[in-house]
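This is what each chain is made of:
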Amino acid sequence: MPRTRVDSARVIAVLSPKGGVGKTTVAANLAAELAQAGKQVYLVDLDSQNAARLCFRTDFCDPVGHAPGSRNGAAWSECCRGTDRGVICVPFGIVGESERACYERTVASDRHWLSKGLASLHAPDDAIFVIDTPPGGSVFLPQVLSNAGVVLSVVLADAASFATLPTMERWLSDFRDRAPARQRSFYLVNRMDDSRPLRRDVHAAMREQLGYRMLGGVIHFDGAVEEALASQLPVAAYDPQARAARDFRELAAWLMSIL
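A few points on the structure. (Residues numbered from 1 in each chain as written. Predicted model: local features only at pLDDT ≥ 70, side-chain atom pairs only at ≥ 80, totals over all residues. Heavy atoms only, no water.)

## A few points about the side chain of Asn-50
Right, so step 1: Relative to the helices and strands, Asn-50 resides in the loop between β2 (41-45) and α2 (66-69).
Right, so step 2: Classification of Asn-50 as buried rests on a relative accessible area of 3%.
Right, so step 3: From its side chain, Asn-50 meets the backbone nitrogen of Gly-93 in a polar contact 2.9 Å long.
Right, so step 4: Sequence-distant contacts of Asn-50, that is, excluding residues within four places in its chain, are made with Asp-45, Pro-91, Phe-92, Gly-93 and Ile-94. (Helix = DSSP H or I, 4+ residues; strand = E, 2+ residues; numbered from the N terminus. Buried < 20%, exposed > 50% of the residue type's maximum accessible area, 1.4 Å probe, protein only. Polar contact = N/O pair within 3.5 Å; in protein donor to acceptor, adjacent residues only side chain to side chain. Contact = heavy atoms within 4.5 Å.)

## Quick look at the pattern of salt bridges
Right, so step 1: In total, this model carries nine salt bridges according to the counting rule given.
Right, so step 2: Here Glu-99 ties to Arg-71 by a salt bridge, and the two come within 2.4 Å at their closest N and O atoms. Taken together, the positions of Glu-99 in helix α3 (residues 97-109) and Arg-71 in the loop between α2 and β3 (81-82) put the pair 28 residues apart, joining distant regions of the chain.
Right, so step 3: Here the salt bridges do not stand alone but share partners, grouping Lys-23, Asp-47 and Asp-132 into one network. (Salt bridge = Lys/Arg side-chain N within 4 Å of Asp/Glu carboxyl O.)

## Re the packing of helix α6 (residues 159-174) against helix α7 (residues 197-210)
Right, so step 1: Where α6 meets α7, the axes come as close as 11 Å, and the angle between the chain directions of the two elements is 20°. When the axis of α6 is compared with that of α7, the two are roughly parallel. Relative to α7, α6 is oriented so that their crossing is right-handed. Residues Ser-161, Phe-162, Leu-165 and Glu-169 of α6 lie in contact with α7, whose contacting residues are Val-202, Ala-205, Met-206, Gln-209 and Leu-210.
Right, so step 2: Taken together, the residues that form the contact of α6 with α7 break down as six nonpolar, two polar and one charged. (Axes fitted to C-alpha atoms, helices over the stretch in contact; angles between N-to-C directions. Parallel < 35°, antiparallel > 145°, perpendicular 65-115°, else oblique. Left-handed = near helix turned anticlockwise from the far one by under 90°. Nonpolar A, V, L, I, M, F, W, Y, C, P; charged D, E, K, R; others polar.)

## What to know about the state of the cysteines
Right, so step 1: Across all of its chains, the model carries zero disulfides by this definition.
Right, so step 2: As a non-bridged cysteine, Cys-79 has Cys-80 as the owner of its nearest cysteine sulfur, 7.1 Å distant.
Right, so step 3: Between Cys-89, a cysteine without a disulfide, and Cys-55, which holds the nearest cysteine sulfur, the sulfur-to-sulfur distance is 8.7 Å.
Right, so step 4: According to the relative accessible area criterion, Cys-89 is buried, its value standing at 2%. (Disulfide = S-S within 2.5 Å.)

## Here's the deal with the packing of aromatic side chains
Right, so step 1: On inspection of all chains with the given rule, the structure shows eight aromatic pairs.
Right, so step 2: Ring geometry for Trp-113 against Phe-140: centres 5.6 Å apart, planes inclined by 50°, an arrangement best described as tilted. Of this pair, Trp-113 sits in helix α4 (residues 113-119) while Phe-140 sits in the loop between β5 (128-132) and α5 (141-145), placing them 27 residues apart in sequence.
Right, so step 3: Exposure remark for Trp-113: the relative accessible area of 9% places this residue in the buried category. (Phe/Tyr/Trp six-rings, centres within 6.5 Å; stacked < 30°, edge-to-face > 60°.)

## A few points about the packing of helix α1 (residues 23-36) against helix α10 (residues 243-258)
Right, so step 1: Taken N-terminus to C-terminus, the directions of α1 and α10 make an angle of 70°; their axes are 9 Å apart at the nearest point. Classed by the angle they form, the pair α1 and α10 counts as roughly perpendicular. Classified by chirality, the crossing of α10 by α1 is right-handed. Between α1 and α10, the contacting residues are Thr-25, Val-26, Asn-29, Leu-30, Glu-33 and Leu-34 on the first element and Ala-245, Phe-248, Arg-249, Leu-251, Ala-252, Leu-255 and Met-256 on the second.
Right, so step 2: When the residues that make up the contact of α1 with α10 are grouped by side-chain class, the tally is nine nonpolar, two polar and two charged.

## Overview of helix α8 (residues 223-230)
Right, so step 1: Taken residue by residue, α8 has Ala-224, Val-225 and Ala-228 as its buried positions. The arc enclosing the buried residues of α8, seen along the axis, measures out at 105°, which places them on a common side. Turned more than 90 degrees from where α8 packs its buried face, Glu-226 and Ala-230 sit exposed.
Right, so step 2: Along its buried surface, α8 packs onto α1, α9 (235-238) and α10.
Right, so step 3: The N-cap of α8, judged by a side-chain oxygen 2.9 Å from the amide nitrogen of Ala-224 a few residues on, is Asp-222. (Arc of directions from axis to C-beta.)

## Focus: unusual backbone geometry
Right, so step 1: Phi at Asn-50 takes a positive value of approximately 60°, unusual for a residue other than glycine.
Right, so step 2: In this model, Arg-191 sits at a positive phi of 55°, which is unusual for a non-glycine residue.
Right, so step 3: Here Arg-191 is to be found in the loop between β7 (184-189) and α7.
Right, so step 4: Owing to a relative accessible area of 39%, Arg-191 belongs among the partly exposed residues under this scheme.

## Quick look at the pairing of strand β6 (residues 150-155)
Right, so step 1: Judged by how many residues are buried, β6 sits mostly within the fold: six of six residues are covered.
Right, so step 2: The two faces of β6 match: Val-150, Leu-152 and Val-154 on one face and Val-151, Ser-153 and Val-155 on the other face are all buried.
Right, so step 3: Pairing between strand β1 (residues 11-15) and β6: four bridges, direction parallel. Within β6, the residue paired with Ile-12 across the bridge is Val-150.
Right, so step 4: By the bridge criterion, six bridges tie β6 to β7 in an arrangement that is parallel. Note that in β7 the partner of Val-150 across the bridge is Arg-184. (Pairing = 2+ DSSP bridges.)

Structural measurements only, silent on function.
The following block contains the structure:
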């Protein structure tokens, strides 16, 4: 009998309370590292920018995705794109503005939309799902927080991100009654520049406010990340010795230890 729901413990949601923090880059590189460690990984893109796939040298003009596929009732398994890094991408797809608005209304009307979509992938029982979400609040947020066993909120060590922490905490609180029983949420600082005192001070303030949920490990600022993006590759494929590549490996290893 086909599964109707995946194990929430193996669903990792990558969120950000605001745009411009590198959330999609984190999601894609994390998926690549988990796949490199031998896991079957699905990278599910819920952001209409449809950018997560671009870290894996996919065709920029490829329209396939779960959003356009919904027009003809296609299962998510029909909308996947394999990659040479071992990650299976489930792109958002290319749609017009009216189609996107209609799709979001469909999502909002069915609280089980995401769980049914993940189940339709017919993934192995030990597969890991990394979900890239739109920044800020969106129609997808209730769905994601209702299905993810691990929530990873990406922030920068700056005043703007620090100011958004109460908003992120409020979102987590608002959907706590619908969240999986053992859901765990953490914050990750991206593009950390240790040479700047203000960044260090803000990171310390975040750790004081959030305790163990503010991860001690960070993704350091590294020019190799931008160069990898320009080459449409995960940073570890572009430069395995880059500092950020080591950071992503450590993040993936830590996540595997708690799944």
